[in-house]
Amino acid sequence: MAARKSAQKSNVSGEELTSYYKDMLLIRRFEEKAGQLYGMGLIGGFCHLYIGQEAVVVGLEAATKEGDKRITSYRDHGHMLACGMDPKGVMAELTGREGGLSKGKGGSMHMFSKEKHFYGGHGIVGAQVPLGAGLAFSDKYKGNDNVTFAYFGDGAANQGQIYETYNMAQLWELPVVFVIENNQYAMGTSVQRSTKSPAIWKRGEAYGISGEEVDGMDVLAVKEASEKAIAHCRAGKGPYILEVKTYRYRGHSMSDPAKYRTREEVQKMRDERDPIEQIRDMLLTGKHATEDDLKAIDKEIKAVVNESAEFAKTSPEPALEELWTDIYA
């Protein structure tokens, strides 16, 4: 199946477009601020930014209901914000503070929220995928119609545990959507150099799993494809694979100078395919918003992000006694 084109633009309300615009802009501004705090030494360890990929998680979350679960890899801040986790708690976690959503113990890569059914942030490449199938197994066992989203990248798609999970998920007809966030570069290796498969989602065909490719720079196309995938899972037809073709503007992590691609390539994507600019243009041309309206939204979101950064800076570091809590032995 060819990449799914965007949904009928005329059928989308101004309220819906504004909602996607705000959600994607929050992720963009939050990640820009996280990059600044990293540069100031306030965020330690690894920090993987989601800038450029915002339409993926916003489009998927737009199709979910209460009770659906999500699990992802270490590039996870966007997923947290899109499912409604508090930006203050997310930023405080990035800075390793007590006010963080995992009490400052998880940092950028390992954060959780039971309330929002967000099961991490995982640092081991591909390890979250079998865990995601386990979450889906739990729902199938309980007999509800919840769906789990297991996100992973084009690099992780070459891990063996992914295919063991495909086999089990299809065998047991688990309600899991495998979301391949194909941002074209696994760390620093382009997808053309790392796989001979022109369409990664088609690897699921060997197990009888349905799937498709979708334009991950178009939030409406992602939402439309997500609705189809979710309906497939809720109907008890087993797993579904969405290969979402996206692009990250920054390096793999904050320590990556990204010399494996040209500046011109990144700029071309920014100029021609930016997911936020596409929605911005639709809001303006459809007369759903004015330039002043959009400036006001940006100002409002920057205030939320600045507040989260201030909260993170002023939140105390965890007490030493915390070393002995939340552990098995």
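Structural notes, computed from the coordinates.

1. Topic: the overall build of the chain
Within the chain, the secondary structure is distributed over eleven helices and seven strands. The principal-axis extents of the C-alpha atoms in the chain amount to approximately 60 × 50 × 40 Å. Contacts spanning at least 24 positions in sequence make up 75% of the contacts within the chain whose residues lie at least 6 apart. Roughly 15100 Å² of accessible area belongs to the chain as shown, and the carbon and sulfur atoms make up 53% of that amount. With 42 positive and 47 negative side-chain charges, the chain shows a spacing of 3 Å between the two charge centroids.

2. Notes on the packing of aromatic side chains
Across all of its chains, the model carries eight aromatic pairs by this definition. Centroid distance Phe137 to Trp172: 5.6 Å. Interplanar angle 55 degrees. Geometry classified as tilted. One end of the pair, Phe137, is in helix H5 (residues 128-142); the other, Trp172, is in the loop between helix H6 (160-171) and strand E3 (176-182), and 35 residues separate them in sequence. Under the relative-accessibility criterion, Trp172 is labelled partly exposed at 41%. Plain terms: the ring middles of Tyr185 and Tyr260 are 5.4 Å apart, the flat faces sit at 40 degrees to each other, and that makes the pair tilted. Here Tyr185, found in strand E4 (residues 185-186), pairs with Tyr260, found in the loop between strand E7 (240-245) and helix H9 (263-273); they are 75 residues apart in sequence, far enough to count as distant. Note on Tyr185: relative accessible area 9%, which makes it buried.

3. Points about the packing of helix H1 (residues 14-39) against helix H8 (residues 219-234)
Taken N-terminus to C-terminus, the directions of H1 and H8 make an angle of 105 degrees; their axes are 11 Å apart at the nearest point. In terms of orientation, H1 and H8 fall into the roughly perpendicular class. Packed against H1, whose contacting residues are Glu16, Leu17, Tyr20 and Met24, the element H8 presents Val219, Leu220 and Lys223 at the interface.

4. Topic: the sheet that holds strand E1 (residues 69-71)
If you trace the five strands from one edge of the open sheet to the other, you get E1-E2-E3-E7-E6, paired in parallel fashion. Only two strands of the sheet have a single partner each, and these edge strands are E1 and strand E6 (210-215). Taking each pair of neighbouring strands and ignoring which way they run, the sheet shows an average axis angle of 20 degrees. Sheet topology places strand E2 (residues 148-153) next to E3; six bridges connect them, and they run parallel.

5. Quick word on the nonpolar core
Grouped together as the largest cluster of nonpolar side chains are 66 residues, with contacts concentrated most on Tyr21, Leu60, Phe149, Val177, Val219, Leu242 and Ile279. At ten residues, H1 tops the list of elements feeding residues into this core. Ignoring anything within four residues of it in the chain, the contact list for Tyr21 reads Ile276, Ile279, Arg280, Leu283, Leu294 and Ile297. Grouped together as the second largest cluster of nonpolar side chains are 23 residues, Ala133, Ala156, Ala157 and Val176 included.

6. Observations concerning the side chain of Glu243
Structurally, Glu243 is set in strand E7. Buried and without a salt bridge, Glu243 has Lys245 as its closest oppositely charged side chain, separated by 4.5 Å. Engagement of the side chain of Glu243 in a polar contact is seen with the backbone nitrogen of Trp201, the distance being 3.0 Å. Those residues in contact with Glu243 that lie beyond four places of it in its chain are Ile180, Asn182, Ala199, Ile200, Trp201, Glu212, Glu213 and Val214.

7. Observations concerning a nonpolar patch on the surface
Together, Phe137, Tyr141, Met168, Leu171 and Trp172 make up a nonpolar patch on the protein surface, roughly 600 Å² of accessible area in all. Contributing elements (two or more residues each) for the nonpolar patch: H5 and H6. Locating Leu171 in the fold gives a position in helix H6. Judged by relative accessible area, Leu171 falls into the exposed class, the value being 61%.

8. A look at the pairing of E6
Most of E6 is tucked away, with five of its six residues classed as buried. Relative to E7, E6 runs parallel, the two sharing six bridges. If you follow Val214 over to E7, its bridge partner there is Val244.

9. As for the packing of H1 against helix H4 (residues 87-94)
For the pair H1 and H4, interaxial distance at closest approach is 11 Å and the crossing angle is 25 degrees. Classified by the angle their axes make, H1 and H4 are roughly parallel. Relative to H4, H1 is oriented so that their crossing is right-handed. Contacts between H1 and H4 involve Phe30, Lys33, Ala34 and Leu37 from the former and Pro87, Val90, Met91 and Leu94 from the latter. Partitioning the contact of H1 with H4 into residue classes produces seven nonpolar, no polar and one charged.

Rules used in this analysis
- Each chain carries its own residue numbering, running from 1 in the written order of its sequence.
- Local features in a predicted model are, by the rule used here, given only for residues with pLDDT of at least 70; side-chain atom pairs are given and counted only at 80 or more, and totals for whole chains, interfaces and linings are based on all residues.
- The side-chain figures draw on all heavy atoms in the structure; neither hydrogens nor water molecules are used.
- Runs of E in the DSSP output that reach at least two residues are strands. Runs of H or I that reach at least four are helices, and both are numbered from the N terminus.
- Contacts were defined at the residue level, with two residues in contact if any of their heavy atoms lie within 4.5 Å.
- Methods summary: accessible areas were calculated by the Shrake-Rupley approach with a probe of 1.4 Å, and residue burial reflects only the protein chains presented.
- Asp and Glu count as negative and Lys and Arg as positive, but His and the ends of the chain are not part of the count.
- Lysine's charge is taken at NZ, arginine's at CZ, aspartate's at CG and glutamate's at CD.
- Classification of ring pairs uses Phe, Tyr and Trp, with its six-membered ring standing for Trp, and accepts pairs whose centres are within 6.5 Å; under 30 degrees between planes counts as stacked, over 60 as edge-to-face, and the remaining range as tilted.
- When a residue's accessible area, from a 1.4 Å probe over protein chains only, is under 20% of the maximum for its type it is buried; when over 50% it is exposed; and in between it is partly exposed.
- Here an axis means a line fitted to C-alpha atoms, over the contact stretch when the element is a helix, while the angle between two N-to-C directions is reported on a 0 to 180 degree scale.
- Angular relationships are summarised with four words: roughly parallel below 35 degrees, roughly antiparallel beyond 145, roughly perpendicular across 65 to 115, and oblique for the angles in between.
- Paired strands, as defined in this entry, are two strands with at least two bridges between them according to DSSP.
- Within this scheme, the nonpolar core is defined by two criteria: the residues are buried Ala, Val, Leu, Ile, Met, Phe, Trp, Tyr or Cys, and they are joined through side-chain atoms within 4.5 Å.
- What makes a salt bridge here is a side-chain nitrogen of Lys or Arg within 4 Å of a carboxyl oxygen of Asp or Glu, nothing more.
- Distance and chemistry together define a polar contact, namely a pair of N or O atoms within 3.5 Å, with one atom able to donate a hydrogen and the other to accept it when in protein, and with adjacent residues in sequence counting only for side-chain atoms on both sides.
- In this scheme, patches are assembled from residues that exceed 30% relative accessible area and form no salt bridge. Like charges are connected within 9 Å, while nonpolar side chains (Val, Leu, Ile, Met, Phe, Trp, Tyr) are connected within 5 Å.
- With the far helix as reference, a near helix turned anticlockwise by less than a right angle produces a left-handed crossing, and one turned clockwise produces a right-handed crossing.
- Residues are grouped as follows: nonpolar covers Ala, Val, Leu, Ile, Met, Phe, Trp, Tyr, Cys and Pro; charged covers Asp, Glu, Lys and Arg; every other residue, Gly included, is treated as polar.

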